[in-house]
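Tertiary structure, described
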Amino acid sequence: MDKIEVCVLNPEAVGTSEKMMVCAARLTQKGHKIKDLEDFIELYNKAYTENTVTAMAKLPHPTIQKFGVINVVIVGASRRFLAQITRHQNEVKFMSASLQYSDYSGEADFVVPYKMLEMPALVKKMYLYQCKEAMDNYQAAIAQGVDNDSAGYMAPQGLRNILIISATPYQWKHMISQRTCRRNTSETRYVLLRVWEKLYRLSPEMFAPSVTGPFCMKGRCMEGKMSCSSAFDPAMTPAEIIKEDFPLLAGGASDD
């Protein structure tokens, strides 16, 4: 799972989302004082504090957190991660590299599952051999005239991919809450922790652990009998969770 990189493509959208969240909340209470457009613009541009953002982010009114779209690119995660994360469709859009149009002959690279990084080198070697053999057959099939789309069925789940995810702040928080829980696969958890880490740096109030982290950080586990029975400290930051749960990959995690 090394070489997975994450970047917020429009970081300014986080600040805009904060502003819109506060404005929308204030609008519900100040509508009777808005007589014209000038009054609204004044409300829209009215200053607010970090404490205001913290308070608004905790409100049980998700609509005020949907007036913005944050675009994130994930480079190097596997196509297995792609299959899992695209289960989220509400207010979320995805654009992925395509096995239909792209030819990965001689270009393939593979995600090594975290547990294999912890095991003897032979295990990793066997896994990568299988992945490479599959892509060698993929390349041979294309050389014989098989189209990219059909040959793509031969590609292993571990094949690295490029994925853009576009979502509202509310949906980012929902995805992070669900997918950073220890009940998820390691790669999915790690990628969403890295996304959370980036968003937390941009707005520690809007993406605070108390409103963004796994459900156990917000009061109770949602997994019932399937609980991991190992709740996170509610004060942990995403970087701290990465360092605790993924020490072999913690070099890229930082709250600075």
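Whatever comes next refers back to the structure up there.
Before going into details, it helps to say that this report is about the structure given with it.

Reading guide: rules and limits
- Residues numbered from 1 in each chain as written.
- Predicted model: local features only at pLDDT ≥ 70, side-chain atom pairs only at ≥ 80, totals over all residues.
- Heavy atoms only, no water.
- Helix = DSSP H or I, 4+ residues; strand = E, 2+ residues; numbered from the N terminus.
- Buried < 20%, exposed > 50% of the residue type's maximum accessible area, 1.4 Å probe, protein only.
- Contact = heavy atoms within 4.5 Å.
- Areas by Shrake-Rupley, 256 points an atom, 1.4 Å probe, with all protein chains shown as cover.
- Lys, Arg positive; Asp, Glu negative; His and termini not counted.
- Charge placed at Lys NZ, Arg CZ, Asp CG, Glu CD.
- Core = buried A, V, L, I, M, F, W, Y, C linked by side-chain atoms within 4.5 Å.
- Pairing = 2+ DSSP bridges.
- Axes fitted to C-alpha atoms, helices over the stretch in contact; angles between N-to-C directions.
- Parallel < 35°, antiparallel > 145°, perpendicular 65-115°, else oblique.
- Nonpolar A, V, L, I, M, F, W, Y, C, P; charged D, E, K, R; others polar.
- Phe/Tyr/Trp six-rings, centres within 6.5 Å; stacked < 30°, edge-to-face > 60°.

1. Digging into the overall build of the protein
Helix and strand counts for the protein stand at eleven helices and four strands. Seen through its principal axes, the protein has C-alpha atoms that stretch 70 × 40 × 35 Å. Within the protein, the proportion of its 256 residues that are buried is 43%. Residue pairs in contact within the protein that sit at least 24 positions apart in sequence constitute 74% of those at least 6 positions apart. Accessible area for the protein stands at about 13,600 Å²; split by element, carbon and sulfur atoms hold 54% of it. Distance from the positive charge centre (30 side chains) to the negative charge centre (28 side chains) of the protein: 6 Å.

2. Comments concerning the nonpolar core
Ranked by size, the top nonpolar core spans 47 residues in total, and within it Ile-70, Ile-74, Trp-172 and Leu-199 carry the most contacts. With eight residues, the top contributor of residues to this core is helix α9 (residues 186-202). For Leu-199, the residues in contact, after removing those within four places along its chain, are Val-8, Val-14, Ile-70, Trp-172, Ile-176 and Phe-207. Val-112, Tyr-138, Ala-151 and Ala-155 belong to the second-largest nonpolar core, a separate cluster that totals twelve residues.

3. As for the sheet that holds strand β2 (residues 70-78)
An order of β1-β2-β4-β3 is seen for the four strands of this open sheet, with the pairing classed as antiparallel. Both outer strands of the open sheet, β1 (5-8) and β3 (92-96), are each paired with one neighbouring strand and no more. The mean angle between the axes of side-by-side strands here comes to 15 degrees, regardless of whether they run parallel or antiparallel. Judged from the five bridges that link them, β3 and strand β4 (residues 160-167) form a sheet pairing that is antiparallel. Bridged to Met-95 within β4 is Ile-164.

4. Thoughts on the packing of helix α1 (residues 12-30) against helix α3 (residues 50-57)
Look at α1 against α3: their axes get within 10 Å of each other, and the N-to-C directions meet at 70 degrees. As summarised for this structure, α1 and α3 are arranged roughly perpendicular, according to the angle between their axes. When α1 is examined against α3, the residues Glu-18, Met-21, Val-22 and Ala-25 are found in contact with a partner set consisting of Thr-52, Val-53, Met-56 and Ala-57. Grouping the amino acids of the contact of α1 with α3 by side-chain chemistry returns six nonpolar, one polar and one charged.

5. Things to note about the packing of aromatic side chains
Using the criterion set out here, one finds three aromatic pairs in the structure. Centre to centre, the rings of Tyr-114 and Phe-246 are 5.1 Å apart; their planes meet at 80 degrees, and the pair counts as edge-to-face. Here Tyr-114 is found in helix α5 (residues 114-117), whereas its partner Phe-246 is found in the segment after α11 (238-245), with 132 residues between them in sequence. Across the pair, Phe-246 and Tyr-114 agree in class, each one buried. Three or more aromatic residues link up through ring pairs in this structure, and these residues are Tyr-114, Tyr-190 and Phe-246.

No statement about biological role is implied by the geometric values presented.
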